[in-house]
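One-letter residues, chain by chain:
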Amino acid sequence: MGTKSLATLTCLLLLLASVAQAARPRFRREENPGLLSRVQSHIFAYWQTAKAKVQELYENVHIPRMDENLRHIYGKGSEAMTTYTGILTDQIIHMLKGEQ
């Protein structure tokens, strides 16, 4: 194959590539949100409503002993979650790395 035919073939491939890219269908972005976006927004709205109601209830029924119990439960729960998250992370790393 000569240089002339190689140059011609290259030009033809470039032309075909540009035509193919121009002919590719362009997808329009949906105007209305998809199902996942709607579900996410509804869940977020429910979460905000529940959080506001619990905050309101807590402010209306402020009992010092209950406040102390809630702080204790939160401290113990977060301590346990930290421990178990560390264990789970170690297990996942061990499974991914394997025996070395």
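Residues numbered from 1 in each chain as written. Predicted model: local features only at pLDDT ≥ 70, side-chain atom pairs only at ≥ 80, totals over all residues. Heavy atoms only, no water.

Another aspect to go through is the overall build of the protein chain. When helices and strands are tallied, the protein chain shows three helices and zero strands. Across the 100 residues of the protein chain, 1% fall into the buried class. Element-wise, carbon and sulfur atoms account for 65% of the exposed surface of the protein chain, whose accessible area totals about 10000 Å². (Helix = DSSP H or I, 4+ residues; strand = E, 2+ residues; numbered from the N terminus. Buried < 20%, exposed > 50% of the residue type's maximum accessible area, 1.4 Å probe, protein only. Areas by Shrake-Rupley, 256 points an atom, 1.4 Å probe, with all protein chains shown as cover.)

Here we come to the confidence of the model for the protein chain. Taken residue by residue, the protein chain gives an average pLDDT of 79. The fraction at 70 or more is 74%. Of all secondary-structure elements in the protein chain, the lowest mean pLDDT belongs to helix α1 (residues 3-23), at 67, while helix α3 (residues 64-97) reaches the highest, 88. (pLDDT = per-residue confidence, 0-100.)

Attention shifts here to a nonpolar patch on the surface. Residues L57, V61, I63, M66 and L70 make up a contiguous nonpolar surface patch of roughly 420 Å² in combined accessible area. Assignment of secondary structure puts V61 in the loop between α2 (35-60) and α3. Look at V61 and you get partly exposed, because its relative accessible area is 38%. (Patch = residues over 30% accessible without salt bridge, like charges linked within 9 Å, V, L, I, M, F, W, Y side chains within 5 Å. Salt bridge = Lys/Arg side-chain N within 4 Å of Asp/Glu carboxyl O.)

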